[in-house]
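Close look at the chain arrangement
Residues per chain, in single letters:
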Amino acid sequence: MQIAAVLDRTRAEAFRAEAGEKLNTPVYIYYDEDTHLYKIQAGNSRTAKEAERLQREAKDRGYREAFVVRARVEAAASPVRRPVTVLGYRVQVFSASSQQAAEQARTKARELLGREDIYIEFGPPFFTVRVGNFRKRKEAEAFIKVARQQGYDTPFPVQMHISVSPE
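Rules behind the numbers
Residues numbered from 1 in each chain as written. Predicted model: local features only at pLDDT ≥ 70, side-chain atom pairs only at ≥ 80, totals over all residues. Heavy atoms only, no water. Helix = DSSP H or I, 4+ residues; strand = E, 2+ residues; numbered from the N terminus. Buried < 20%, exposed > 50% of the residue type's maximum accessible area, 1.4 Å probe, protein only. Pairing = 2+ DSSP bridges. Axes fitted to C-alpha atoms, helices over the stretch in contact; angles between N-to-C directions. Contact = heavy atoms within 4.5 Å. Salt bridge = Lys/Arg side-chain N within 4 Å of Asp/Glu carboxyl O. Expected span 1.5 Å × (residues − 1). Arc of directions from axis to C-beta. Polar contact = N/O pair within 3.5 Å; in protein donor to acceptor, adjacent residues only side chain to side chain.

1. Overview of the overall build of the chain
From N to C terminus, the chain includes four helices and eight strands. Sequence-ordered secondary structure for the chain, helices as α and strands as β, is β-α-β-β-α-β-β-α-β-β-α-β. For the chain, the spread of C-alpha atoms along the three principal axes comes to 55 × 30 × 30 Å. The buried share among the 167 residues of the chain stands at 38%.

Here it is, written out as structure tokens:
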């Protein structure tokens, strides 16, 4: 369950310490490379019912914005889990010479595809819009089918370095 997201690591550590005492459950910090936010998450619920109980408890104890997230939680040496860079794939859905056109295409893609992992990349002279952080080509190819169903005529996989959460 996520209870907060902050820009500052010191503030994140303070949230973690306070929440650990208030909620009497393990609290973790995850750094999101895309948003540059430290996300504070609490608990190791195995079922939705357990997570919902913890969410109610967190709201009762002052974390009004608490919401349930699905995550693999592991004990790590560091309470901050940083993404790792690996060779993987993104699916290109748009290309143009205008940054403004690429930004509009990204906004449209977020609406059509319901995803946040949409990137604008610049390789002179083009701005490209690419979707996903797929570890395997098969995953990217499966997403291409989804993109085509949403009206993208010529999506294709691009092998590149991507950031993913450590497993």
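So much for the structure itself; the text now carries on.
2. Observations regarding the sheet that holds strand β6 (residues 118-123)
Strands sit in the order β6-β7-β5-β8 across an open sheet of four strands; the sheet is antiparallel. Whereas interior strands pair on both sides, the edge strands pair on one side only; in this sheet they are β6 and β8 (156-164). The mean angle between the axes of side-by-side strands here comes to 45 degrees, regardless of whether they run parallel or antiparallel. Two strands pair when backbone bridges link them, and strand β5 (residues 84-96) and β8 are joined in this way by nine bridges, in the antiparallel orientation. Bridge pairing in β8 places Q92 opposite F156. Here helix α4 (residues 137-149) sits on the sheet in contact with β5, β7 (126-134) and β8, set at roughly 25 degrees to β5.

3. Brief notes about the pattern of salt bridges
A full pass over the atoms with the stated rule returns 11 salt bridges. The partner of D32 in a salt bridge is K39, with the nearest N and O atoms 3.0 Å apart. For K39, a relative accessible area of 22% corresponds to the partly exposed category. Note that R115 and D117 form a salt bridge whose closest N and O atoms lie 2.7 Å from each other.

4. With respect to helix α3 (residues 99-113)
Over its 15 residues, α3 runs 20 Å from end to end, which matches the ideal 21 Å to within 8%, given 1.5 Å per residue. Among all positions of α3, only A102, A105, A109 and L113 are buried. Buried residues along α3 cover an arc of 60 degrees about the axis, so they all sit on one side. Opposite the buried face of α3, at more than 90 degrees from it, the exposed residues are Q100, K108 and E111. Elements in contact with the buried residues of α3: β5, β6, β7 and α4. At the N-terminal end of α3, a side-chain oxygen is found 3.2 Å from the backbone nitrogen of Q100, two or three residues along, and the residue is S98. Among the residues trailing α3, G114 stands out with phi positive, at a value near 65 degrees.

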